[in-house]
Amino acid sequence: MRPGRVVGLCGAALLAVFAGPAGAAGQETDAPAPGTREWSFPVGERMEYSVNWGRLRLGEGSLEVEAIDTIGGHPGYRIALEMWGGPPFYRVEDRQVSWIRPAEPLTSLGFEQRLREGSYHRDTRYLFDLEAGTYDRLDVRDGEWRPREGETAVPVPAGALDDLSYLYLARLLPLEIGKRYEFDRYFKESGNPVVIEVLRREEIRVPAGTFQTLVLRPIIRTGGVFGDGGEAELYVTDDDRRAIVRLKTSMKVGSGNMFLTRYEPGDGALIPLAEPERAVLGTTDGGDDGP
């Protein structure tokens with residue numbers, strides 16, 4: 001395995017827990033799961049992590065509700081997952097952003113990844129047209145965002161979700177012990193279904209403290225991070241915050257962990273759910289209107 005690649009694996013693992021990677025069988029879209037709670041993560045909520053492979057600390061990461069932006073006329077939360085680390089000669093920087101419309105059904109408005117892994121760079125953006133029920137993919141080529149041939153006006157299911165927005169949907173589920181939740185809402189048909197099993201309650205200690213948690217198991221058919229016999233467990237706090245405390249992955253090449261080092265609950269804006277399309281918008285960084 002290349003130096004620094006394990007940092008990327010741990011970062012991808014956090015996303016892949018609730019995203020349907022390529023290779024799974026597609027199914028028809030179902031209605032949103034009953035019992036999903038209303039959005040409760042204000043601007044400023046931030047979780048910080050250490051990234052380990054075995055006993056070796058490889059990097060750091062964060063997951064944050066950054067701002068409220070308007071995308072295609074719809075207000076949404078801008079969520080960012082960032083990972084950085086690796087040895088000095090092989091640095092990994094990965095920023096992934098999702099714009100999420102919190103109205104029922106929870107829906108993705110856009111998704112973007114800016115990846116720097118050694119000498120490798122990739123910038124990718126997906127924009128969702130809720131009225132048309134399609135997405136367009138754009139890549140940076142020659143310094144400009146350009147549509148990718150064959151991936152424009154691609155149909156998506158109602159309430160389509162990207163990688164990060166699936167993660168936040170999971171945090172809004174009832175998460176009853178022994179229950180299994182299945183969804184067919186990943187925006188690429190090949191990524192469905194996504195299954196989440198709620199295994200048990202467990203008290204665990206991480207750098208941020210000791211927490212009572214719910215332990216979740218994702219079931220994903222993939223040839224990627226969890227292909228090749230890999231397994232994963234996600235630990236979230238057993239309270240309304242559903243903070244992500246630990247991610248544990250086990251693969252033939254070793255095991256990785258992300259441990260919560262700091263949690264900030266946030267005290268910023270929330271989009272009024274009663275009238276989501278007419279909310280007064282603002283941002284935390286000077287007026288970025290999204291992708």
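Nothing here was measured: the structure is a model prediction, and the numbers come from that model.

## Thoughts on the environment of Leu130
Locating Leu130 in the fold gives a position in the loop between strand 6 (120–129) and strand 7 (134–141). Judged by relative accessible area, Leu130 falls into the partly exposed class, the value being 28%. A C-alpha to C-alpha distance of 8.5 Å links Leu130 and Gly159, two positions 29 residues apart in sequence. Sequence-distant contacts of Leu130, defined by excluding residues within four places in its chain, comprise His74, Arg101, Thr107, Ser108 and Leu109.

## Regarding helix 2 (residues 163–171)
In terms of burial, helix 2 is a largely internal element, 9 of the 9 residues being buried. Every buried residue of helix 2 is accounted for by Asp163, Leu164, Ser165, Tyr166, Leu167, Tyr168, Leu169, Ala170 and Arg171. Two to three positions downstream of the cap, the backbone nitrogen of Leu164 sits 2.9 Å from a side-chain oxygen, assigning the N-cap of helix 2 to Asp162.

## Quick look at the environment of Ser165
Within the fold, Ser165 resides in helix 2. When residues no more than four places from it in sequence are discounted, the contact partners of Ser165 are Ser98, Ile100, Leu106 and Ser108. Among the polar contacts made by the side chain of Ser165, one reaches the main-chain amide nitrogen of Asp162 at a distance of 2.8 Å.

## Focus on the packing of aromatic side chains
In this structure the tally under the stated criterion is 12 aromatic pairs. Centre to centre, the rings of Trp39 and Phe41 are 5.2 Å apart; their planes meet at 80°, and the pair counts as edge-to-face. Taking the centre distance of 5.5 Å and the plane angle of 75° together, the rings of Phe41 and Tyr168 count as edge-to-face. Taken together, the residues span a long stretch of sequence, with Phe41 in the loop between helix 1 (5–16) and strand 1 (46–53) and Tyr168 in helix 2 at a distance of 127 residues.

## Considering unusual backbone geometry
Cis geometry marks the peptide bond from Glu104 to Pro105, where omega comes out at -5°. Of note, Pro105 is situated in the loop between strand 4 (92–101) and strand 5 (107–117). The phi torsion at Leu175 lies on the positive side, around 55°, for a residue other than glycine. Mapping Leu175 onto the fold places it in the loop between helix 2 and strand 10 (180–183). Judged by relative accessible area, Leu175 falls into the buried class, the value being 3%. Phi at Arg242 takes a positive value of approximately 50°, unusual for a residue other than glycine.

Criteria and cut-off values
- Residues numbered from 1 in each chain as written.
- Predicted model: local features only at pLDDT ≥ 70, side-chain atom pairs only at ≥ 80, totals over all residues.
- Heavy atoms only, no water.
- Helix = DSSP H or I, 4+ residues; strand = E, 2+ residues; numbered from the N terminus.
- Buried < 20%, exposed > 50% of the residue type's maximum accessible area, 1.4 Å probe, protein only.
- Contact = heavy atoms within 4.5 Å.
- Polar contact = N/O pair within 3.5 Å; in protein donor to acceptor, adjacent residues only side chain to side chain.
- Phe/Tyr/Trp six-rings, centres within 6.5 Å; stacked < 30°, edge-to-face > 60°.

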